[in-house]
Each structure stands twice: as C-alpha cells, then as structure tokens.
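# Structural characterization, general
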Amino acid sequence: RVSPAQFLKFVIVQMFARSETLQLTDSSGFPADIGESSGYWYNTEDFVSTDSCDVLSIGHLGFLRDWPAVYRQNDTLKRLVGKRGRCVATKMAVMGTPSQTEHALIAANALHLHPFGSFANAELIEHVFGFSIVKGWAIFERLDEPVGSAFVAVRFWWNALADGTWIDFTPRPDHLPVVLLAEAATHYPKVKSKLSNLEADLAAYMAQKMFGDPDSVVPVSMSHHRVPAPKQELVRANREANEACAEMRCLEAQVASLRHRLFSLVPDASNRWDPGRPIDGIDLGSMVRVCGLSDCPDLNGQDVIIVGFDTQRSKWRARLCTGEIRVLSGVNLEVLDAAKQNPELSTFGCEILCSIPCGKRRIHCNLWPLVHSGIIRSRVPDRLLAKLNILFDALHDDHNSPSHGLFLVGEVKDGKQLTVRHPDEEYVALLLACAEQLGHSIFGSDSSMMHYNLDQVWTVHQHSGDYNPMHFHTNARSEFGFSSFLHVKLPPQLQTSQQMKRDAKGQEQHDGVTSFMWRTDTGIVAERLECSGVLDCELAEGFLYVFPQWLQHFVLPFQGHGERRTVAANVAL
C-alpha cells in the first residue's frame, strides 16, 4: 500500500523529470555539472544507425511503424539486429510502461529515475529490489525517413524479474508507450566518467528527437541550462589532445623516414622509378605518342602529355588531348618531346591538342590560352610534411608564440595566425628552389641577374567559419617578389574527391577552396571572348604553391569540425 503523500511525492518527481528533460541529473537527482558530475553518460558509441549517419544528424525517433511485419520481412532491420547484424540480439521483446503496482514500488521507495539514465536506473532497481540487469539495445525507427528504410539502436539497460520476465522502469515520453528491446549477444562494458560537453549535447539532442514533438523541430541550444566546463578540465583535455597529436606526428615522421631508408636498401631499387631520373627518356612533362595498345586501339597514334606516375601499378599517368587522364605502360609510349629541365613559360608552352570534324574525317588542331604570368606547384615529400606538422604543433601550443595577425587580413575567430621565426631549412630550400624555377620560367636568361631572399613565414590555423578575403601580398625587402602557401593539414570534409558540388542555385562550388583571381570578372565574357580569371586550387595536403606577390587570391570558409592548417611565406626578388 502507498500513502497519498508518498504517491503525491512520486507524481511530483515524475512531473519534474518530464518538465526538466533537458537537464541532466546525477545519481542523487541534482543537476549535473560538466566536468564534475560522474555517471553513465551517452556517447557516440552508444548509437548505431543502419545508414551510418552522424549521431547529431539522426532525426526524430519512434516505435517501428510497420510492426510486426517489419520484424519478419524488413532486411534493413535484420542487418541491424539479425544474426549477422551490427547489434546481434539473442532475444527481442516489445515492452510497455510499468503497471500501477510497479509504479507503486518506485513511489514507495521515492526513487528518482531519469529518462536518459537507463544504465543508472537499472543498477538502482537491482540494488533496491534485486531484479537482475539486462543489457542490450532499444530499437527505434527514424520517423523523418520513409517507412522501413532507417533504424537506430541505442544502448539500453533494463531489468528482469526472478522468473525472467523483463521490466523497464526508465521513464519514456507519452508518444512512446512501447519500445522494442533487444538483449545483446555481446555485452560491452559501460564505464562511469565525468560529464563532457559532447555528452551533454547528446542528451539535449535526444531530448529533442525522442521527447520533443515529432511534428516540430526546435534548434538545440545547451547554453541556457549547462554549467560551463571548468578551466581545469579544458586545460587537461587540450594537453592530452596536443600530446596525442604530437606523438602521432612523430610516428608519421618515423614511418616516412623508414620508408625512405627501406627504398634505399631495396636491391632492385635502381630499376624502380625515381621522380628525379627519367626512364627511357620519359619524365613528367614529356610529350609521348601512344603505340601498341591492344585493349584500347583507338588511343594508338595519339600524342599525350605525361603528368604523373602511379607507383602502385608502375605505370605513367598521361593527359589525352581531350583532357582525360589515362594510366599507360612505358612500353606503349614513344617519346616525341622530352621534358625540359628549365622550361620557359610561353603561350605555345600551354598547347592543348584537339580535333574537329571535317566532312567524313577529323583533323587535328591546337589551342593556346593567352597568358601573361604563371604559378608553380610542387609536391612536398610526406616526410617533410610530417616534420612541419610537428613544428607547427609546438608553435601552436606555445602561448608565447608571436601573433602574425596584425599583418594579415584573415578572418579568424577561434584559430591563430602565428609568426614562424625559425622555419625548417628543408622547407625553405624547397620554397626558394620553386621561386627560382618560376623566376627562370618567366624571365628566361635574364633570371641570372635575380636574387631570391626569404622575407617572412607564418602559419594560419583556421576552424569552421574562418576565411581569407580577397588580398595580395607584399614583402619588406623589395618591391617585387613571390608569395606562397602550403596546406599542411586539412579536415576530412576538405578533400580532392569532394572538390566540386552544387549549391541550391545549381552552381558548382565547395567550402574551403583556395582560389587565385588574376582578373576581376567571373565566368565567360561572351562579347569579349574572354575566359574566367579565377583558378581554383586542388583540395589536398602537401602542395606548395608559389606565385607572383601581386596575384590576388582568397580562401573560402568551411563548415564542420577540424583544422585547416597552412604555412605561407614571401620571397623577395
């Protein structure tokens, strides 16, 4: 029997729990503090979705809409909880809410159960009543996706009576009177930890998607109910992250060094391709003719340009007259014009081969763009890239590192712009070599009168929303010179494979792209027969770009986690 006072207390506690869904509580029922309160908190490993989407991208969740047919017929659900699924289940059952008698047990003992505390709830029930804990998953369907197309498994604990009957005391929203529970075949340990920002965000997101109104979407904002993380936790987390990153960079440098040593010790290394030594006259930039192909005979007789070498297949990457890139064996290539060690830029050096129809035949043509300067791009060795990242990790973490922001136009909110007082010697040598090569390509024989001196070097550490508006560089040593940049680190969402996409207006663009603008118009000016003056750089780490300092350029912002890390420098001429 439950007294009216005890029942009223139980009702008030449950109403408070429902009304304060967004506020996490500790085991005592008090509001949880980030960095202080210890408990079982949900993290990203506690969510498994059939479409492998990000946890914070999961829409509204609810009970399976085509039950029970979906249990017997839906292959997507079977891939989640079936015998070969990602969350293998030994037993499944649909659970309703506790009965009045069971509610009375909770009320009589004045137990506080939290909607997102199934782990602590199950432990508390076991401690008070002796009901054993059952560990597994709560299975939901994504209500924002077509029926039967997307499901989510959320790690969940409940209890079992002495006869094995399951019972779930964790409070649920009114629109979830029943839930599908699946006992896990393999039990993964759940460890108590201090509440972090991410775990508090996940709780708020679950509150919106599970306890909110499925017909409305309310933006999640944690700022009004969370206590800021203590400074000590942030310092500790930053220190651990920096140490882990520094260790990773050191390992990357060691791996690159070992690969270099291994290559030098291979007995047949003399027969392998060396980027600095042509094989049979073929080298990067060579013009060759395709011959002897049996699988693609239509390519035989075509003149192509060598643009790279595929080390895995030991074949050359060649650009056809159509612009298409093909991978070809050296035995099927005949050298027409060998690569030049010190080429000079000219309009005819930018020749593009094409063909046009003429009656029943096609005749060859040549295209040349009209240009007035140039840029040079060089691939930085992986070993040097890893070494630079180690150097810039230390520079970023040193609070005494001087800021370079006063000399730059970049819009950087959470990142940094730092002066590099002691740049890496190998990096400087490569930079000056590229500048000298570009200078020779532009000035020809007159370049022997030129002197190249390093002016300034700085790093830019940018995060989501940071960008560089249109600008150009100057140097303090001369009125003329070259500028450069090198992306040493890019977040996962900024990759070559994702270079182009279309926005809402159907225009091609991409976040985070660095672009040169050598004229102020955009697009093709039809009445003047002029091409666009914008050149987009490839989204890839490890490419060093050197260009005249007057050349305007800009860097678009990007969205999402991660750091875009760039080292830039000026060379006086």
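Residues numbered from 1 in each chain as written. Predicted model: local features only at pLDDT ≥ 70, side-chain atom pairs only at ≥ 80, totals over all residues. Heavy atoms only, no water.

### A short note on the sheet that holds strand 13 (residues 325-328)
For clarity, the threshold we go by: For two strands to be treated as a pair, DSSP must find no fewer than two bridges joining them. By the criteria applied, helices consist of DSSP H or I runs no shorter than four residues and strands consist of E runs no shorter than two, each listed in order from the N terminus. The angle between two axes is taken between their N-to-C directions and runs from 0 to 180 degrees, where each axis is a line fitted to C-alpha atoms and a helix contributes only its stretch in contact.
If you trace the five strands from one edge of the open sheet to the other, you get 13-12-11-10-14, paired in antiparallel fashion. Of all the strands in the sheet, the pair left with one neighbour each is strand 13 and strand 14 (333-337). For this sheet the average axis-to-axis angle between neighbouring strands, irrespective of direction, equals 45 degrees. By the bridge criterion, five bridges tie strand 11 (residues 303-310) to strand 12 (residues 315-319) in an arrangement that is antiparallel. Counterpart to I305 in the pairing with strand 12 is R319.

### Some details on the confidence of the model for the chain
Formally: Looking at any residue, its pLDDT shows the predictor's confidence there, from 0 to 100. We call two residues in contact when some of their heavy atoms are within 4.5 Å.
When pLDDT is averaged along the chain, the result is 77, and 73% of the positions lie at 70 or above. Element-level pLDDT for the chain is lowest in helix 1 (residues 4-19), with a mean of 43, against a maximum mean of 95 in strand 28 (residues 564-572). Note on residues 4-22: pLDDT is under 50 here. Beyond four places in sequence and across chains, it has 24 contacts. Here residues 213-229 scores under 50 on pLDDT; set against residues more than four positions off or in separate chains, the count is 27 contacts.

### A closer look at the sheet that holds strand 25 (residues 534-536)
Spatially, four strands are ordered 20-27-24-25 in an open sheet, and the strand pairing comes out antiparallel. Only two strands of the sheet have a single partner each, and these edge strands are strand 20 (468-471) and strand 25. The sheet shows a mean angle of 20 degrees between the axes of neighbouring strands, taken without regard to direction. Pairing of strand 20 with strand 27 (residues 552-555), which is carried by two bridges, proceeds in the antiparallel orientation. Bridging across to strand 27, H471 finds its partner in H553.

### Concerning the pairing of strand 27
The side chains of a regular strand alternate, first on one face of the sheet and then on the other. Bridging between strand 24 (residues 514-517) and strand 27 involves four bridges; their strand directions are antiparallel. From the neighbouring strand, M517 faces strand 27, where its bridge partner is Q552.

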